[in-house]
Amino acid sequence: MHTRSVALVLLLATAVPLRLAAAPQHKRETREQVVALEQQWRQAELGNDVPAMDKLLSDDYLGITGTGEVLTKAQQLDHMRLRQIVITSLDLSDIKVKVIGHIAIVNSLAKLEGSVDGHSMDGSYRYTRVYQHLPGGMWKITSFEATRILGGKKAQEIPAATDKAESPGSK
């Protein structure tokens, strides 16, 4: 009995560090996969590649554009098909990937040139994209939000919003 207990303790003592050592390797591989998917997304945007984008987005995808529009997967793909969103230049930098279980969160800086419904959207944007590792083994984009970086203004230079609403007779 004592020999079995000692053997079990030794087995557990070696197994736990091996499992802990495997976790960073797994996260590093996941980060590399997600960064590769970011490049696939970039190429799909630049090439207006609807089939590629269809493969990248999850069925329950929701995205918030730099103009505040909320798009489902079907709407995003329709915007691409109808050329309502046209991106002619897209440079990504400052990519940070955080892996939490079956979720990967990407924060990045995107400098782009293009248009939405014929209106220029040239500029720099910070974005967050969320990938979910699905049961079939695929990583899919499940959420996206872009925020435009205003022409060099710092947050303290931008007027604060007010909660006070004008009443009809207050003018």
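Look above for the structure.
Residues numbered from 1 in each chain as written. Predicted model: local features only at pLDDT ≥ 70, side-chain atom pairs only at ≥ 80, totals over all residues. Heavy atoms only, no water.

Excluding glycine, residues mostly have negative phi values, and the peptide bonds linking residues are mostly trans. Positive phi is not limited to glycine here, since Asp94 has a value of about 50°. Structurally, the position occupied by Asp94 is in strand β3 (residues 85-100). One non-glycine residue with positive phi stands out, namely Asp117, at about 50°. Counting through the fold element by element, Asp117 comes out in the loop between β4 (103-116) and β5 (119-120). (Helix = DSSP H or I, 4+ residues; strand = E, 2+ residues; numbered from the N terminus.)

This part covers helix α3 (residues 73-81). The set of residues buried in α3 consists of Lys73, Gln76, Leu77, His79 and Met80. Along the axis of α3, the buried positions cluster into a sector of 155°, meaning they face one direction only. Positioned one or two residues after α3, Arg83 has a phi angle of 60°, which is positive. (Buried < 20%, exposed > 50% of the residue type's maximum accessible area, 1.4 Å probe, protein only. Arc of directions from axis to C-beta.)

A few words on the nonpolar core. Ranked by internal contacts, the top residues of the largest apolar core, which has 31 residues, are Trp41, Met53, Leu90, Met121, Tyr127, Tyr131 and Ile141. Ranked by residues supplied to this core, first place goes to β3 with 6 residues. Sequence-distant contacts of Tyr131, defined by excluding residues within four places in its chain, comprise Val34, Leu37, Glu38, His102, Ile103, Ala104, Val106, Trp139, Lys140 and Ile141. (Core = buried A, V, L, I, M, F, W, Y, C linked by side-chain atoms within 4.5 Å. Contact = heavy atoms within 4.5 Å.)

What follows concerns the packing of aromatic side chains. Counted according to the given criterion, the structure contains 3 aromatic pairs. An angle of 45° between the planes, with centres 5.9 Å apart, marks the rings of Trp41 and Tyr127 as tilted. One end of the pair, Trp41, is in helix α1 (residues 2-46); the other, Tyr127, is in strand β6 (residues 123-133), and 86 residues separate them in sequence. The exposure classification of Trp41 matches that of Tyr127, with both residues buried. Over the aromatic face of Trp41 sits the side chain of Arg129, whose NZ or CZ is 3.6 Å from the ring centroid. (Phe/Tyr/Trp six-rings, centres within 6.5 Å; stacked < 30°, edge-to-face > 60°. Lys NZ or Arg CZ within 6 Å of the ring centre and 35° of its normal.)

For the rest of this paragraph, the subject is the pairing of strand β1 (residues 57-64). Strand direction decides the pairing type here: β1 and strand β7 (residues 139-148), joined by 4 bridges, are parallel. Across the sheet, Leu57 pairs through a bridge with Ile141, a residue of β7. Pairing of β1 with strand β2 (residues 70-72) involves 3 bridges; the strand directions are antiparallel. In the strand pairing of β2, Leu62 is matched with Thr72. (Pairing = 2+ DSSP bridges.)

A separate point is the pattern of salt bridges. This model, assessed by the stated rule, comprises 6 salt bridges. Note that Lys73 is salt-bridged to Asp54, the shortest N-O span being 3.0 Å. Taken together, the residues span a long stretch of sequence, with Lys73 in helix α3 and Asp54 in helix α2 (residues 50-56) at a distance of 19 residues. The class for Asp54 is partly exposed, based on a relative accessible area of 35%. By sharing partners, the salt bridges in this structure join Asp54, Asp59 and Lys73 into a single network. (Salt bridge = Lys/Arg side-chain N within 4 Å of Asp/Glu carboxyl O.)

Our focus in this paragraph is the environment of His102. The residue His102 is located in the loop between β3 and β4 in this model. Here the alpha-carbon distance between His102 and His133, two residues 31 residues apart in the chain, equals 4.9 Å. Excluding residues that lie within four positions of it along the chain, His102 makes contacts with Tyr131, Gln132, His133 and Trp139.

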